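Inside the fold
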Amino acid sequence: MTRTAALWLLVGVIGYCLMPWYMTDVGFWSFGWVPRITAGENASALAFVLGQGRLYLAAPLIAFVLIGAVLALVPSPVIKARLTVAIAAIGLFLTALQGLAVVRSGPRFMTDIFLALGGESGQGGVGAGALVTLVSLLFILTTAFSSAGKARGDAFVVGLIGLIISLVGVFVFFPVAHILIRAFEVDGGYSLTEFFPRFFSSNLWGLRCFVGGTCGPAINSVILATMTATTTVLLGLAFALIFTRTDFKAKPLLRMLTVIPIITPPFVIGLALILLFGRTGAATQLFSDLFGIEKTRWIYGFGGVYLAQVLSFTPIAFLVLIGVVEGISPSMEEASQTLDADRWQTFRYVSLPLMRPGLANAFLLGFIESLADFGNPLVLGGNFNVLSTEIYFAIVGAVADPAKAAILAIALLSLTLGAFLLQRMWVGKKSYATVTGKADSGQHAALSRGVKIAAYATALPWAAFTAVVYSMIIFGSFVKLWGYDNTFTWAHYIRAFGIKHTDHGWRFSGVAWDSYFTTLQIASIAAPLTAIVGLATAYLLVRQKFFGKDAFEFSTMLSFAIPGTVIGVSYIMAFNFPPIELTGTGIILIIVFVFRNMPVGVRGGIAAMSQLDSSLDEASITCGANSFTTVRRVIAPLMGPAIMAALTYSFVRAITSVSAVIFLVSARHNMATSFIVGRVENGEFGIAIAYSAVLIVTMLTAIILMQLIIGQRTLRRDNRVQKAKLA
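Residues numbered from 1 in each chain as written. Predicted model: local features only at pLDDT ≥ 70, side-chain atom pairs only at ≥ 80, totals over all residues. Heavy atoms only, no water.

**Describing the overall build of the chain**
Secondary structure assignment for the chain yields 33 helices and 8 strands. Residue pairs in contact within the chain that sit at least 24 positions apart in sequence constitute 75% of those at least 6 positions apart. Summed over all atoms, the accessible surface of the chain reaches about 32,900 Å², with 65% contributed by carbon and sulfur. (Helix = DSSP H or I, 4+ residues; strand = E, 2+ residues; numbered from the N terminus. Contact = heavy atoms within 4.5 Å. Areas by Shrake-Rupley, 256 points an atom, 1.4 Å probe, with all protein chains shown as cover.)

**Some thoughts on the pattern of salt bridges**
One pass over the full model with this rule turns up 3 salt bridges. Of the charged contacts in the structure, one is a salt bridge between E369 and R653, with a shortest N-O distance of 2.7 Å. Taken together, the positions of E369 in helix α17 (residues 356–372) and R653 in helix α30 (residues 640–656) put the pair 284 residues apart, joining distant regions of the chain. When sorted by exposure, E369 lands in the same class as R653, which is buried. Salt bridges sharing partners connect three or more residues here, namely R495, R679 and E684. (Salt bridge = Lys/Arg side-chain N within 4 Å of Asp/Glu carboxyl O. Buried < 20%, exposed > 50% of the residue type's maximum accessible area, 1.4 Å probe, protein only.)

**Looking at the side chain of K251**
Of note, K251 is situated in helix α11 (residues 251–259). Although buried, K251 forms no salt bridge, and the nearest oppositely charged side chain, D247, lies 7.1 Å from it. Within the structure, the side chain of K251 is placed 2.9 Å from the backbone oxygen of F243, a separation counted as a polar contact. Once residues lying within four places of it in the same chain are set aside, the contact partners of K251 are I242, F243 and T246. (Lys, Arg positive; Asp, Glu negative; His and termini not counted. Polar contact = N/O pair within 3.5 Å; in protein donor to acceptor, adjacent residues only side chain to side chain.)

**Brief notes about the nonpolar core**
Grouped together as the largest cluster of nonpolar side chains are 181 residues, with contacts concentrated most on L273 and Y571. Setting aside residues no more than four positions away along its own chain, L273 makes contact with G278, I299, G304, L307, A308, L311, L380, F465 and V469. Counting 29 residues, the second largest nonpolar core, distinct from the first, contains A45, V70, I140 and L141. (Core = buried A, V, L, I, M, F, W, Y, C linked by side-chain atoms within 4.5 Å.)

**Considering the confidence of the model for the chain**
Predicted coordinates in regions of low pLDDT should not be interpreted in detail. Chain-level pLDDT for the chain is 81 on average; 90% of the residues reach the 70-or-more range. The secondary-structure element of the chain with the lowest mean pLDDT is helix α33 (residues 719–726), recorded at 40, while helix α3 (residues 59–73) shows the highest, at 94. Of the regions scoring below 50 in pLDDT, residues 103–107 engages in 4 contacts with residues more than four places distant in sequence or in other chains. This model gives residues 431–439 a pLDDT under 50, and the stretch forms 28 contacts once residues within four places in sequence are excluded. (pLDDT = per-residue confidence, 0-100.)

**A closer look at helix α14 (residues 302–326)**
Spanning 25 residues, α14 covers 35 Å between terminal C-alpha atoms, matching the ideal 36 Å at 1.5 Å per step. At F313, α14 shows its strongest bend, of approximately 35 degrees, with the proline P315 following within four residues. For α14, a buried count of 21 out of 25 residues is recorded, marking the element as mostly surrounded by other parts of the structure. (Expected span 1.5 Å × (residues − 1). Bend = angle between axes of the 7 residues up to and from the residue.)

**Things to note about the packing of α3 against helix α6 (residues 128–147)**
For any two helices packed against each other, one specifies the inter-axial angle together with the distance between the axes. Two numbers describe how α3 lies on α6: the axes approach to 11 Å, and their chain directions differ by 35 degrees. In the crossing of α3 with α6, the sense of the turn from one axis to the other is left-handed. In this structure, α3 uses P60, A63, F64 and I67 to contact α6, whose residues at the interface are T133, S136, L137 and I140. For the contact of α3 with α6, the per-class residue count stands at 6 nonpolar, 2 polar and no charged. (Axes fitted to C-alpha atoms, helices over the stretch in contact; angles between N-to-C directions. Left-handed = near helix turned anticlockwise from the far one by under 90°. Nonpolar A, V, L, I, M, F, W, Y, C, P; charged D, E, K, R; others polar.)

**Here we look at the side chain of S351**
Following the sequence through the fold, S351 ends up in helix α16 (residues 343–354). Taking relative accessible area as the criterion, S351 reaches 1% and is therefore assigned buried. Contacts of S351, omitting those with residues within four sequence positions, involve R245, I328, E333 and T346.

**Description of the packing of aromatic side chains**
Following the criterion strictly, the structure yields 40 aromatic pairs and no others. Each ring, one from Y16 and one from W21, has its centre 5.8 Å from the other, and the planes form 80 degrees; the classification is edge-to-face. On the basis of relative accessibility, which here comes to 0%, the residue Y16 falls in the buried class. Overall, W21 belongs to the buried group, its relative accessible area being 3%. Aromatic pair F287 and F291: ring centres 6.4 Å apart, planes at 40 degrees, arrangement tilted. With F287 and F291 both in helix α13 (residues 282–291) and 4 residues apart, the pair spans about one turn of that helix. Each residue in the set F497, F508, W513, Y516, F517, F675 and Y691 is aromatic and connected to the rest through ring pairs, giving one cluster. We note R255 situated over the ring of F243; from NZ or CZ to the ring centre the distance is 5.8 Å. (Phe/Tyr/Trp six-rings, centres within 6.5 Å; stacked < 30°, edge-to-face > 60°. Lys NZ or Arg CZ within 6 Å of the ring centre and 35° of its normal.)

**Examining the environment of A58**
Checked against the element boundaries, A58 lands in the loop between α2 (45–52) and α3. Between the C-alpha atoms of A58 and A45, which are 13 residues apart in sequence, the distance is 7.9 Å. The residues contacting A58, other than those within four sequence positions of it, are Y16 and V49.

Here you go:
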């Protein structure tokens, strides 16, 4: 412990003494703050304490001095660890408290203490020095905590738990609390008695739709989410079985049609469905001419939203389930067939039960995605009200009502918590591990004829329908005015992505280039961070035991459950002023993408890791490897599908997300989705669709490259190697 803690102590001292404590006005990486590190607002914390008398910044320095003394002078390892834990925890708490004291809505006594110790009302946000100091104190704390005998003395595991809890606390709970607390506001104060009548209102939870009336938005959301999640799981399973258990010839084409809906920018699927099934849509007109079916506006309402959500969220179920279906060890199926079970019995009683974690996680993701989706209900909802759109209109409507939006958000969270608990009850505590390191034939049992026919009958028509929808999208990008003037033109692409040759060389003259490059840059940074945080969290939840694990697991789903509009507003409220000032920067966009999309990596990682027997970890540790080496050399190579799913989903959602970033974009960091929404609002559908087509091609290319880089998971040795060894 002493060496590791001393290393982090050195890092913390460097941050405290040699880095700017507050955010700089010249940018950290320009290093323009270096000449001013001893004076002015770009000074280090040590310079503020010694040169300007800001004693409220002395807590980390005192903590570092005491920790150094303990490490050097205390001989007993246990006493040394316990003292270090106590000092680091107090230092971390006081440093965070000092930052929160500048919040105008904070407790008065905190501000009074802050001012008494030399604080000023204009204190800036957290800078590089403060960040490095806080991180060093955190890891000194976790290192000493593990050395005290907690978590089997594994410093890597304890440090990972501490880091993720801190990140979730700062970037999920802290901003969400800013808006949820509004649910209890009444005339400038707070009241529980006013909250409950509004929360349990019949306007929110009404069941009148079962007696011929209209249900409340909460009930509508539950019905829609349940049907959407069930359908996406069935479709995702059918596609996964075709890919892993059949010799279907057109798998590459089918894979593209399976994944392409998830890489579609906002509103495009809704527009395509309207132009297909609207009152004057192509399909509506065709059915009317051929069969005399009356033209209606059925697409606006439950049917249209359900269809659009199934199109949008089936890829999520597929990405989760394909790794689960691949991960079932053939030895289990071989044992079943050895006991004289036929193919159907093997699938029904062996393969399908082992898929239960994947099915449950895919359903949970589909359910939550449906609850939080507001783009499709906004375009196609009509009079069918759901919680997400009600929250949106409560925030941006003619009369903003943050308290109502907060109550609706709490209702949404309660539904998510219910789904989460039901999922845990259904999966139970049974073991689903099938990858144990033991040899097997490497050949999965073939599907029975009935299951194969059912899979084909479910997946192939849906793939054909998807192809029709996307052919309409491609068609729409090459016509002057989709639905009215179908004259072929390149004008939309030229205006959006034009390139001109000038006297100064080639110039990107298209109006979309700036947002395109910004979006790719931010998505490329956010995607690997999302995958790392999500899969690391899954590792802790599956492989480790610690106090509060269930609450921690649900907290990872919190940002995913709340509509993006609420997340965007909460980030503005939390990070628009000290102690953490991020609005208007690219960092806030990266952070919101990481923690908004992290749950997909968590659920996919849990589903895949549940199939890896813990004996693999034990064997690695027995051979002398530590937890970090075991994760890197044993678990990570077996997590290919989960890594692919996390990277794919996070990269795509960083490009296609609109609700979470619509309030966070700035002139310097404009995202593709906000650009598209602006064009749709201006009636420039051609440019919006052309831009969407370019984004689809870009994301398909990126997904293919990620697939080639990551490769496929190899669960057993190559048969040819085995034959060579036998020979």
